[in-house]
Amino acid sequence: REPVLEIRDLCVDYGVGEHGVRAITDATLTLHRGEVLGLAGESGSGKSTLAYAVTRLLRAPGVITGGEAVFHTRDGEAVDLFGADAATLRRIRWDQLSVVFQSALHALNPVARIDVQLTDALKAHRAHMTADQRRERAAELLRLVGINEDRLRSYPHELSGGMRQRVMIAMALALEPQVVIMDEPTTALDVVTQREILEELLQLKDRLGFAVIFITHDLSLLLELADTIAIMYAGRLVELADAGELFHAPRHPYSYGLLNSFPALHGERVRMEGIPGSPPALSAMPSGCAFHPRCPFAIERCRRETPELAVPAADLSSRVAACHLQDGLETVPAPLARALG
Ligand code: ATP
Ligand code: SF4
Ligand code: MG
């Protein structure tokens, strides 16, 4: 599998000096061509921060304090995203790596018609296209995301939340990127619409061949639709696994907790008993394993020593979890499996 985006040892702080807090610590993650990678974790775990940092859209007080992100373009060029100049970044961001952020529903210009917004994006990045070609392409993009082209002349407020989300996806796909990052694009939508939109995106992915990083709290959605899942806790990646393997045999106690607490997919939407307590504030990060105050399996060592996440093998035979209770490819200890299984 060919990597398209490689993130290594990423560190991000909010603020500097004595007011600074670390929001992302040593995140290492590889996205492969055509892969759907789901990124999950409770609110505040750093999912959006990671997406903003990697795309270089992080704003002050956010600062990238370490690591690198390498993007492999379709022409075989390896671009160091953290070292790239503004012109390179602009080129990469639209043509190759596009993002639909959490606030997507508010990202559309309320006073401009949909066709104008789509054609403007094309105008800025596809200068060689004629006005007619741009209009035709805009209509085609809307069809692609399942919106009738008579909607082209609508204003955003005339569209439902789900349609606005689709328009955002159409914009993200306008220039046929190789990587689409979607940051919880669906929070404002109902569950059925969320699922529909993600499924549609994945159908488009099969046709157009881009890779997806899909960020959400809804682990159940990822279990079904992602290839690979990365779990984040308190600014660290704590488990990386194939979606099926994560579901059947998660290795990190936090992953167990998340699996145990997601709402049932079918039937009543009951929140099952979840993880006790809440995630730490960045300014009061627990020592050792940041999860230890909430972990039913914590041992003395957990308070002192921070478990590392091993780098997964390229073939992803490779499930890795940052937890002292496991050693490389050992299976999860029986008490852990019993208690949570
Ligand atoms: P959610 O699921 O709620 O979207 P998230 O996983 O995307 O959460 P982030 O938004 O990345 O989390 O936030 C990670 C941490 O960084 C949080 O503790 C948050 O409070 C902190 N943070 C985010 N933005 C800022 C900021 N501008 N200044 C200071 N701290 C920030
Ligand atoms: Fe729990 Fe310790 Fe593993 Fe952290 S390292 S998840 S505290 S058992
Ligand atoms: Mg977020």
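Residues numbered from 1 in each chain as written. Chains lettered and ligands numbered in written order. Predicted model: local features only at pLDDT ≥ 70, side-chain atom pairs only at ≥ 80, totals over all residues.

The chain has the name ABC transporter ATP-binding protein in an unreviewed UniProt entry, where Streptacidiphilus monticola is given as its organism. UniProt, in its Sequence similarities (unreviewed entry) section for the chain, records the words "Belongs to the ABC transporter superfamily." Turning to the chain, the UniProt record has this under Subcellular location (unreviewed entry): "Cell membrane". (UniProt positions renumbered as here; feature names shortened; annotations may be inferred.)

Draft legend 1. Highlighting the site of ligand 1. Tyr14, Ser43, Lys47, Ser48 and Thr49 are the nearest of the 16 residues found near ligand 1. No other element matches the three residues that helix H1 (residues 47-54) contributes to the shell around ligand 1. Residues that form the shell around ligand 1 fall into these classes: four nonpolar, 10 polar and two charged. (Near = placed C-beta within 6 Å. Helix = DSSP H or I, 4+ residues; strand = E, 2+ residues; numbered from the N terminus. Nonpolar A, V, L, I, M, F, W, Y, C, P; charged D, E, K, R; others polar.)

Draft legend 2. How the structure looks around the site of ligand 2. Among the 13 residues in the neighbourhood of ligand 2, the closest are listed as Cys289, His292, Cys295, Cys302 and Cys323. Each residue belonging to the shell around ligand 2 can be placed in one class, and the counts come to 10 nonpolar, three polar and no charged.

Draft legend 3. Inspection of the packing of helix H4 (residues 114-125) against helix H5 (residues 131-144) at higher detail. Look at H4 against H5: their axes get within 9 Å of each other, and the N-to-C directions meet at 120°. Considering how the two elements wind past one another, H4 and H5 form a crossing that is right-handed. Of the residues in H5, those touching H4 at Asp115, Leu118, Thr119, Leu122 and Lys123 are Arg134, Arg135, Arg137, Ala138 and Leu141. A class-by-class count of the residues in the contact of H4 with H5 yields four nonpolar, one polar and five charged. (Axes fitted to C-alpha atoms, helices over the stretch in contact; angles between N-to-C directions. Left-handed = near helix turned anticlockwise from the far one by under 90°. Contact = placed C-beta atoms within 7 Å.)

Draft legend 4. Main features of the nonpolar core. One finds Ala170 and Val212 to be the most contacted residues of the largest nonpolar core, which totals 88 residues. Broken down by element, this core gets its largest block of residues, eight residues, from helix H6 (residues 161-173). For Val212, the residues in contact, after removing those within four places along its chain, are Val36, Leu37, Val180, Met182, Leu201 and Lys205. (Core = buried A, V, L, I, M, F, W, Y, C linked by C-beta atoms within 7 Å. Buried ≥ 20, exposed ≤ 12 C-beta atoms within 10 Å, placed from the backbone.)

Draft legend 5. Structural context of the sheet that holds strand E11 (residues 320-321). Pairing within the open sheet is mixed, and its seven strands lie in the order E6-E7-E8-E3-E9-E10-E11. In this open sheet, the two edge strands, each paired with only one partner strand, are strand E6 (97-100) and E11. Summarising the sheet, strand E9 (residues 228-233) and strand E10 (residues 236-242) pair through six bridges and their orientation is antiparallel. Looking at E10, one finds that Tyr233 is bridged to Arg236. Each of E6 and strand E7 (179-183) touches H6; the most contacted strand, E6, lies at about 170° to it. (Pairing = 2+ DSSP bridges.)

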